[in-house]
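Examining the three-dimensional arrangement
One-letter residues, chain by chain:
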Amino acid sequence: MAGFNKVVSTYQEAMEGLTDHMTVIAGGFGLCGIPEGLIQEIKNKGTRDLTIVSNNCGVDDFGLGLLLKDRQIKKMVSSYVGENAEFERQYLSGELEVELTPQGTLAEKIRAGGAGIPAFYTATGYGTPVADNKEVKTFNDRPYILEESITGDFAIIRAWKGDRMGNLVFRDTAMNFNPLAATAGKITVAEVEEIVEVGSLKPTEIHTPSIYVNRVIKGSFEKRIERLTVTQEQGL
Amino acid sequence: MALTRDQIAMRVAQELQDGYYVNLGIGIPTLVSNYVPRDIDVMLQSENGLLGMGPYPTEKEADADMINAGKETVTAVPGASIFSSAESFAMIRGGHVNLTVLGAFEVDQQGNIASYMVPGKLVKGMGGAMDLVAGAKRIIVTMTHTDKHGNAKLLKQCQLPLTGVNCVQKVVTDLAVLSIKDNAFYLDERAPGVSVDEIREKTAARLIIPNHVPEICFD
């Protein structure tokens, strides 16, 4: 089954083929579930003029914010980008193009892209600036707008456990956009916390089937917490 | 007296029903979870992909992989489920969430809401708000009745770019509880000690005032 061994041992191999002007779909929500090492590798490669599709854009010194700092990103497709001062600067100065997309529409654009559906109708955004220049069609007396799906030259994702074939399991809410992103890349690279034996993941418990994944690399993660909120322990 | 943020949340909590799946936005809406009546069960949905959000963790339990849509560390209650963002918005868009509570800059008498951008200021994005107002069965907005300069936020027609159209059914402000129907705000309740005249003065929309407007009551 050498043909199904997708494990690579270096980040250079993991991101081989990424070139300027490509579109990269990145999993993660805020700093949760982001492929930290793969982002770092894009930074190291210095690839430029990238279109990045990701719900958020990291913070100034972590996650996708690293690529902003080096001005490697030409365009961001995101739903919320408020955590990043460098983002604000580049956006206001016109260096960075931003396509704000409602979060659910963004998720569905990626899901549909991976599922071979080129566009879909949604009520989300009807009557708002998001609907500008989009086709409107009424179904059952309700207006919907036509949204086109998204695919990427690369998808970079993070998983908890992965086997050599690329079957993946995600951990808690670090799942977020990762399983959809996995389906929508021409080349999908999964950075995992742990590589497990083929057969050790129960078939019914696999979140992302191996067919979507091209490369697997074992990463080590800082797992930075964006907003630590706690309750005091009782009776201690 | 105008209601405090917590009192607004307490009043919204009275709208919860046993068995509701609820999505709470950032700010005052989040406080609603502190006032869920003891005799009912609700499940909180967080749109990044968690149904059954629990309280904040202890410092020891806090886990970078376990967050809510506000990017805060949280826990899951027994019976919770975790899923992808596509699944999460399928349940939102598909009308499975009973109630969403969110803040706004403006609401108008057609039930339109503006909550995500002020032109000329930095646009941070709508996050999941457009999907929530288009998809949830019931939408309640919490906000102050006027902005900090005293301008009305309940309007005939929203001036700011819209988040959604014809979707808000109820508004709970620091001064009043109002429902929206037939192209008008109906004054249902007023904050204790706040006069109907004050509310009329601070509302720049068609306002229907019944003969008797009871005070908001907290039990």
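Counting restarts for each chain: residues are numbered from 1 in the order of the written sequence. Note on labels: chains are lettered from A, ligands numbered from 1, in written order. Only residues with pLDDT of at least 70 get local features here, since the model is predicted, and only at 80 or more are side-chain atom pairs given and counted; chain-wide, interface and lining totals rely on the full set of residues. To get the side-chain values, take all heavy atoms of the structure and skip hydrogens and water.

Strands are runs of DSSP state E lasting at least 2 residues, helices are runs of H or I lasting at least 4, and numbering of each runs from the N terminus. When its secondary structure is counted, chain A shows 6 helices and 11 strands. Atoms counted for the radius of gyration: C-alpha only. Globule rule: 2.2 Å times residue count to the power 0.38. Taking 236 residues into account, the globule formula puts the C-alpha radius of gyration at 18 Å, and chain A, at 18 Å, falls close to it. The principal-axis extents of the C-alpha atoms in chain A amount to approximately 55 × 50 × 40 Å. The rule is simple: take the accessible area with a 1.4 Å probe, protein chains only, and divide by the maximum for that residue type; under 20% is buried, over 50% is exposed, in between is partly exposed. For chain A, with 236 residues in total, the buried portion stands at 53%. Counting only carbon and sulfur atoms, one obtains 47% of the accessible surface of chain A, whose full area is about 10,200 Å². Charged residues are defined here as Lys and Arg on the positive side and Asp and Glu on the negative side; His and the ends of the chain fall outside this count. Think of each charge as sitting on NZ of Lys, CZ of Arg, CG of Asp or CD of Glu. Each charge sign in chain A was given a centre, from 25 positive and 32 negative side chains, and these centres are 2 Å apart. Residue exposure ignores everything except the shown protein chains as possible cover, and the areas themselves are Shrake-Rupley values with a 1.4 Å probe.

With that out of the way, let us pick up the interface of chain B and chain A. Listed by partner, the interface residues are 44 residues for chain B and 52 residues for chain A. As used here, buried area is the combined drop in accessible area, with a 1.4 Å probe, of two parts when they are placed together. For the pair chain B and chain A, the two sides together bury roughly 4,000 Å², of which 62% comes from carbon and sulfur. Of all residues in chain B, D65, K71 and K124 of chain B give up the largest surface area on contact with chain A, accounting jointly for 19% of the area buried on that side. Whenever Lys or Arg places a side-chain nitrogen within 4 Å of a carboxyl oxygen from Asp or Glu, that contact is recorded as a salt bridge. The interface formed by chain B and chain A includes 4 salt bridges. Among the salt bridges present, the one from K223 of chain A reaches D65 of chain B, with a minimum N-O distance of 2.5 Å. Definition of a polar contact: a pair of N or O atoms within 3.5 Å, with one able to donate and the other able to accept a hydrogen when the atoms are protein atoms, and with sequence-neighbouring residues admitted only if both atoms are side-chain atoms. Run the count over chain B and chain A and you get 25 residue pairs in polar contact (both at pLDDT 80 or more). Of all elements in the fold, only α3 (85-93) and α4 (129-135) of chain B reach the threshold of two or more residues within the side of chain B that touches chain A. The element that contributes the greatest number of residues to the side of chain B that touches chain A is α3 of chain B, accounting for 4 residues. Each residue receives one of three labels: charged for Asp, Glu, Lys and Arg, nonpolar for Ala, Val, Leu, Ile, Met, Phe, Trp, Tyr, Cys and Pro, and polar for the others, Gly being one of them. The residue makeup of the side of chain B that touches chain A, split by class, is 21 nonpolar, 13 polar and 10 charged. Residue contacts are counted whenever heavy atoms from the two residues lie within 4.5 Å of one another.

All names here are of chain A. Within the structure shown, the criterion is met by 27 salt bridges over all chains. Here E99 and K75 are joined by a salt bridge, their closest N and O atoms 2.9 Å apart. Taken together, the residues E99 in strand β4 (residues 97-100) and K75 in strand β3 (residues 73-78) connect sequence positions 24 residues apart. Owing to a relative accessible area of 18%, K75 belongs among the buried residues under this scheme. A salt bridge links D153 to K186; its shortest N-O distance comes to 3.1 Å.

In this section: unusual backbone geometry. Residue and element names in this part refer to chain A. A positive phi angle, close to 75°, is found at H21, a residue other than glycine. Structurally, the position occupied by H21 is in the loop between α1 (11-14) and β1 (23-26). Phi is positive for D141, close to 70°, though the residue is something other than glycine. Secondary-structure assignment places D141 in the loop between β6 (136-139) and β7 (142-148).

On to the sheet that holds β6 of chain A. Residue and element names in this part refer to chain A. Any two strands between which DSSP finds at least two bridges are classified as paired. Spatially, β5-β7-β6 is the arrangement adopted by the 3 strands of the open sheet, whose pairing is antiparallel. Of all strands in the sheet, those with a lone pairing partner are β5 (119-122) and β6, marking the two edges. Strand after strand, the sheet turns through a mean of 40° between neighbouring axes, direction not considered. Note: β5 against β7, 4 bridges, orientation antiparallel. The residue bridging T122 from the neighbouring strand is I145, located in β7. Only the contacting stretch of a helix is used when fitting its axis, a line to C-alpha atoms as for every element, and angles between N-to-C directions run 0 to 180 degrees. Contacts from helix α5 (residues 103-114) reach β5 and β7, with the element oriented near 150° to β5.

Attention now goes to empty space enclosed by the protein. Residue and element names in this part refer to chain A. Think of a 1 Å grid over the protein atoms and nothing else: a 1.4 Å probe that fits but is trapped marks a cavity, an open set flanked by protein within 12 Å on at least five of seven lines marks a pocket, and residues with an atom within 4 Å of a point count as lining. Grid points are joined across faces, edges and corners, and a volume is the space filled by probe spheres set on the points. Within the structure shown, the criterion is met by 3 cavities of 30 Å³ or more. What lines the largest cavity is G27, G28, F29, G30, I34, S54, N56, C57, G58, G63 and L64. The residue inventory of the lining of the largest cavity, partitioned by class, reads 4 nonpolar, 7 polar and no charged. There is about 40 Å³ of room inside the second largest cavity.

Residue and element names in this part refer to chain B. Taking burial as the measure, the 5 residues of strand β1 (residues 20-24) include 4 buried ones, the bulk of the element. Bridge count for β1 against strand β5 (residues 99-103) is 3 bridges, and the pairing is parallel. Across the sheet, residue V22 finds its bridge partner in β5, namely L99.

Moving on, we come to the nonpolar core. By nonpolar core is meant a set of buried Ala, Val, Leu, Ile, Met, Phe, Trp, Tyr and Cys residues that side-chain atoms within 4.5 Å join together. Counting 51 residues, the largest nonpolar core has V107, V141, V168, V171 and F185 of chain B as its most contacted members. Counting 39 residues, the second-largest nonpolar core is a separate cluster that includes M15, L50, V59 and M76 of chain A.

Pairing of aromatic side chains here covers Phe, Tyr and the six-membered ring of Trp, requires ring centres within 6.5 Å, and sorts the geometry by plane angle: under 30 degrees stacked, over 60 edge-to-face, intermediate tilted. Within the structure shown, the criterion is met by 3 aromatic pairs over all chains. Residues Y121 of chain A and F139 of chain A carry aromatic rings whose centres are separated by 5.2 Å and whose planes lie at 65° to one another, so their mutual orientation is edge-to-face. Residue Y121 of chain A is found in strand β5, and its partner F139 of chain A is found in strand β6; the two are separated by 18 residues along the sequence. Judged by its relative accessible area of 28%, Y121 of chain A is partly exposed. Its relative accessible area of 33% is what places F139 of chain A among the partly exposed residues. Placement of a charge over a ring requires the Lys NZ or Arg CZ to be within 6 Å of the ring centre, with the centre-to-atom vector within 35 degrees of the ring normal. The cationic tip of R224 of chain A hangs over the ring face of F62 of chain A; the distance from NZ or CZ to the ring centre is 4.4 Å. Lying over the aromatic face of F29 of chain A, K71 of chain B brings its terminal NZ or CZ to 5.1 Å of the ring centre.

Turning to the sheet that holds strand β4 (residues 76-82) of chain B, a few remarks are in order. Residues and elements named next belong to chain B. Across the sheet, 10 strands lie side by side as β4-β3-β2-β1-β5-β8-β10-β11-β12-β13; this open sheet has mixed pairing. Each having just a single partner strand, β4 and β13 (207-208) make up the two edges of the open sheet. Together, β5, β8 (138-143), β10 (170-173), β11 (176-181) and β12 (184-190) form the strand contacts of helix α1 (residues 5-13), whose direction differs from that of β10 by roughly 150°.

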